[in-house]
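Topology and contacts: notes
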Amino acid sequence: MRMVDCIVKKRDGQALSEEEIRQIIAGYTAGEIPDYQMAAFAMAVYFQGMTDGETAVLTDAMMRSGDRLDLSRFGKESVDKHSTGGVGDKTTLIVAPIVASLGGKVAKMTGRGLGHTGGTADKLESIPGFRISLPEEEFLRQVESIGLAVIAQSGNLTPADKKLYALRDVTGTVESMPLITASIMSKKLAAGSYNIVLDVKIGSGAFVKTLDQGRQLAQSMVAIGKHWGRNMTAVLTNMDIPLGAYIGNSLEVMEAAETLQGRGSRDLQTVCQELAARMVMACRGWSLEESRQAVEKSIEDGSAFRKFRQWIAAQGGDPLALEDYSRLPQAPVVQKVLAPCSGYLTGMDTEKIGQASMLLGAGRAQKEDAIDPAAGICLAAKTGGQVEKGQVLATFYTSEEEKLIPAESEFLKALSWGQTPPPAQPLIYGVIE
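Residues numbered from 1 in each chain as written. Predicted model: local features only at pLDDT ≥ 70, side-chain atom pairs only at ≥ 80, totals over all residues. Heavy atoms only, no water.

Take the sheet that holds strand E4 (residues 195-202) next. If you walk across this open sheet you meet the 4 strands as E1-E4-E5-E13, and the pairing is mixed. The open sheet is flanked by strand E1 (79-83) and strand E13 (428-432), the only strands paired with a single partner. Direction aside, neighbouring strands of the sheet carry axes that sit 15 degrees apart on average. The pairing of E4 with strand E5 (residues 231-238) spans 8 bridges and is classified as parallel. Among the inter-strand pairings, lysine 201 is bridged to a residue of E5, identified as threonine 237. Contacting E1, E4, E5 and E13, helix H12 (residues 266-284) runs over the sheet at an angle of about 155 degrees to E4. (Pairing = 2+ DSSP bridges. Helix = DSSP H or I, 4+ residues; strand = E, 2+ residues; numbered from the N terminus. Axes fitted to C-alpha atoms, helices over the stretch in contact; angles between N-to-C directions. Contact = heavy atoms within 4.5 Å.)

This is the structure in C-alpha cells:
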C-alpha cells in the first residue's frame, strides 16, 4: 500500500478498505508514515468525511495501537462516563461515588486539562496525598473492593490518537466528526468498560457549539460503541452556562463534596443525577425511574458521600479535606468582581469565563504549564439573574495579584446585559441510546 494512493482515494471521496485504514494507523504509529502525509490524509477526511464502517475500523485500529484494560472480571457491571468537556465540569467527582455506592463498578482512566480548566486528574491531585497513578492490578483490586478507582490515562493508551490529535491540532482538522468520534471512542474502548455513558456538552463553553453538531457527534459515538459490542448512552447537556458555581481545581472538589451532601447548585445536581441514573440503569439493569430514585436516596442517606470519602482515602488522599476545606490548597489572593451596571444577565460566553479562570492559573495555555490548584472563580450570578450595579458577580482566587486585571477584563467581556430576563434554557437537551 502506498500512502499517497490512500490520500488521493479519500480526497476523491472514495471509501477506504479496512486493510488500508489499519495500515495507515499502524504505519503512522510506528513512524513509517511522515506527518506531512498524515496531515494531508486528515484534511481529506475533514472535507470528504468517512462512512460509518470506515469510522468504526479507524476507531478500532487506534484502540489497538496501544495498551488496553481488561475489565472482564466485572462483567456487565463495569461502567464508564466520558464528558466532552466544559467549564465547571466536575461531574466525574460526583457521579462516580454515587454509582459505586449503588453497586456499579467504575474503573475510569481520565486525562489532564489543556486549555481553560483542569481535567479530572488535575482536580483530584488538588486533594493532598491523592495518587492519580496506580499499578494496574492495584487499580483493579480497588474497583473490586470499593467499586471505584480513577487514574490518569496510561502513557501507552491509544498512542495513535495522541500522535494524530497533536497533528490535527496544528493543521486545522480538529473539527472533523469521524476523527473526533474515533479519538474519543478509541480511548473509551481501550479503557475496557462494557457500559459507557457519554456527556456531550453543547454551547459556548464546549467544542461542540450547536445542538445539531452535538446530536450528530452523539449518534456517531453511540453507533461506534454499539458496533464494537458496548452498551451506549449519550446525554446532551447545556454548556452555554458554566456548570455549578465553582471553576478551578480545589474549588470544584469543594463543590463536588457539597453536591454529594445535597447542598450543590440546582443545575449541577440535576445534570449529575441524570448522568448517574443512566449509569446505574445501564450497569444494574434497573428501570430509569428506579435508578433515579436510588440515586436520590444515595445522596439523602449519605451513602454517596461516604463512598466519596472511601475512594479518596483508598488512593492516598486526605478524606478530612472533603469536609474541612481549609485542608485543601488555599489562594493567598482573593478579589470580588462587581457588576458594572444594573439589569439581567442575559448571556454568558462560557469559554471566555473559562479563559478568565485559566488566566488566574486554573488551566494550562501550554501542555507544560503548571496548574495552580487553588486558583479559580466562584460565580455569584449566572444567566437569568437580576443584579444591581456594584453587586458581587464573582470571587476570583489566585496566587499572583498581577493576574487579576487581565482575568477580570476577560470575565466582564463574557457577560451580556439586558433589562428583561432571558428565556429559560434547558439543562438537558435529550438522550440518545
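Still more to cover.
What follows concerns the sheet that holds strand E9 (residues 376-379). Within a sheet, adjacent strands bond to each other through the backbone by hydrogen bonds, running parallel or antiparallel. The strand order across the open sheet formed by 4 strands is E6-E9-E11-E7, and the pairing between neighbours is antiparallel. Bordering the open sheet on either side are strand E6 (246-248) and strand E7 (333-338), each of which pairs with just one other strand. Mean inter-strand twist for the sheet, computed between neighbouring axes without regard to direction, equals 15 degrees. When E9 meets strand E11 (residues 392-398), the two strands line up antiparallel, connected through 4 bridges. Within the sheet, the bridge partner assigned to cysteine 378 lies in E11 and is threonine 395. Of the strands in this sheet, E6, E9 and E11 touch helix H15 (residues 350-360), which is tilted by about 135 degrees from E9. Along the sheet face, helix H16 (residues 404-413) touches E7, E9 and E11 and points at about 145 degrees away from the line of E11.

The alternating pattern of E9 places Gly376 and Cys378 on one face and Ile377 and Leu379 on the opposite face, and all of these are buried. When E6 meets E9, the two strands line up antiparallel, connected through 3 bridges. Opposite isoleucine 247, over in E9, you have isoleucine 377 as the bridge partner. (Buried < 20%, exposed > 50% of the residue type's maximum accessible area, 1.4 Å probe, protein only.)

It is worth spelling out the pattern of salt bridges at this point. Pairing between side chains becomes possible if they bear opposite charge and their charged atoms approach one another. This structure, assessed with the given rule, holds 29 salt bridges. The salt bridge partner of glutamate 77 is arginine 284, with a shortest N-O separation of 3.3 Å. Taken together, the positions of glutamate 77 in the loop between helix H4 (52-63) and E1 and arginine 284 in helix H12 put the pair 207 residues apart, joining distant regions of the chain. A relative accessible area of 31% places arginine 284 in the partly exposed class. The residue glutamate 323 makes a salt bridge to arginine 309 at a minimum N-O spacing of 2.3 Å. Here glutamate 323 is found in the loop between helix H14 (303-314) and E7, whereas its partner arginine 309 is found in helix H14, with 14 residues between them in sequence. (Salt bridge = Lys/Arg side-chain N within 4 Å of Asp/Glu carboxyl O.)

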